[in-house]
Amino acid sequence: MDVMEAIGEPNRRRVVEVLVAGERSAGEIADGFDISRPAVSQHLRVLVEAGVLRVRDQGRQRFYSVDAAALDEVGDWLEAQRGRWKTALDALERVMDEGES
């Protein structure tokens, strides 16, 4: 699963939003959700496999953090799309202005 697909699910986006503030244990993350701990664990696994999150084991606990490089990929894609839309909308505006003349 790629980064875009991984963050396409609302609960996984919320996990990323929580972790942008800093590293958290799996239990701390799960406490903030109204879904089961196994469901949160599954979302964490998907995000780790997609490269969105890093995991660090400390004793019996697992700590998760965001891998900013993975989110840069999303930001780059969004910026490219923004540029394409701006170009298309500017062209549409010119056509509309010509039609009003």
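Calculation notes
Each residue is numbered by its place in its chain's sequence as written, counting from 1. Only residues with pLDDT of at least 70 get local features here, since the model is predicted, and only at 80 or more are side-chain atom pairs given and counted; chain-wide, interface and lining totals rely on the full set of residues. Values reported for side chains reflect all heavy atoms of the structure, with hydrogen atoms and water molecules removed beforehand. For helices the rule is a DSSP run of H or I covering at least 4 residues; for strands it is a run of E covering at least 2, with both sets numbered from the N terminus onward. Residue contacts follow a heavy-atom distance rule, with two residues in contact if any of their heavy atoms lie within 4.5 Å. As used in this structure description, the phrase polar contact means that two N or O atoms lie within 3.5 Å; if the pair is within protein, one of them must be able to donate a hydrogen and the other to accept it, and residues adjacent in sequence are counted only when both atoms belong to side chains. Distance thresholds for patches are 9 Å for like charges and 5 Å for nonpolar side chains (Val, Leu, Ile, Met, Phe, Trp, Tyr), applied to residues having over 30% relative accessible area and no salt bridge. The protein chains shown are the only cover counted for residues, whose accessible areas, like all others here, come from Shrake-Rupley with a 1.4 Å probe. Salt bridge, as applied in this entry: a Lys or Arg side-chain nitrogen positioned within 4 Å of an Asp or Glu carboxyl oxygen. Neither His nor the chain termini are counted; the positive set is Lys and Arg, and the negative set is Asp and Glu. Where a charge lies is defined by one atom per residue type, namely NZ (Lys), CZ (Arg), CG (Asp) and CD (Glu). Relative accessibility decides the category of a residue: with a 1.4 Å probe and only protein chains considered, values under 20% of the type maximum give buried, values over 50% give exposed, and everything between is partly exposed. Paired strands, as defined in this entry, are two strands with at least two bridges between them according to DSSP. Here an angle of 0 to 180 degrees is reported between the N-to-C directions of two axes, which are lines fitted to C-alpha atoms, with helices fitted over the stretch in contact.

- By the naming in an unreviewed UniProt entry, the protein chain goes by Metalloregulator ArsR/SmtB family transcription factor and is assigned to Nocardiopsis exhalans.

### Some thoughts on the environment of R56
Then, in step 1: As for its position among the elements, R56 is in strand β2 (residues 53–58).
Then, in step 2: Measuring from C-alpha to C-alpha, the distance between R56 and E5 comes to 23 Å, with 51 residues separating the pair along the chain.
Then, in step 3: Setting aside residues no more than four positions away along its own chain, R56 makes contact with E23, Q61, R62 and F63.
Then, in step 4: A distance of 2.7 Å separates a polar atom in the side chain of R56 from a polar atom in the side chain of Q58.

### So, a negative patch on the surface
Then, in step 1: There is a patch of like negative charges on the surface, built from D2, E5, D72, E73 and D76.
Then, in step 2: For the negative patch, the element with the most residues is helix α5 (residues 68–100), which contributes three residues.
Then, in step 3: Among the structural elements, E73 can be located in helix α5.

### So, the side chain of S65
Then, in step 1: Within the element layout of this structure, S65 appears in strand β3 (residues 61–66).
Then, in step 2: Among residues more than four places away in sequence, those in contact with S65 are L19, E23, V52, L53 and R54.

### Observations regarding the side chain of S25
Then, in step 1: Assignment of secondary structure puts S25 in strand β1 (residues 24–25).
Then, in step 2: With relative accessibility at 5%, the residue S25 sits in the buried group.
Then, in step 3: Aside from chain neighbours lying at most four places away, what touches S25 is Q61, R62 and F63.

### Concerning the sheet that holds β2
Then, in step 1: Pairing is antiparallel in the open sheet, where three strands are placed in the order β1-β3-β2. Two strands lie at the open edges of the sheet, namely β1 and β2, each paired on one side alone.
Then, in step 2: With two bridges joining them, β1 and β3 adopt antiparallel strand pairing. Across the sheet, residue R24 finds its bridge partner in β3, namely Y64.
Then, in step 3: In the packing of helix α2 (residues 10–20) onto the sheet, the strands contacted are β1, β2 and β3, and the crossing angle to β3 comes to about 90°.

### Some remarks on the environment of V15
Then, in step 1: Relative to the assigned elements, V15 resides in helix α2.
Then, in step 2: Distance from V15 to G51, taken between C-alpha atoms, is 14 Å for residues 36 residues apart in sequence.
Then, in step 3: Ignoring anything within four residues of it in the chain, the contact list for V15 reads I29, F33, L44, L47 and L53.

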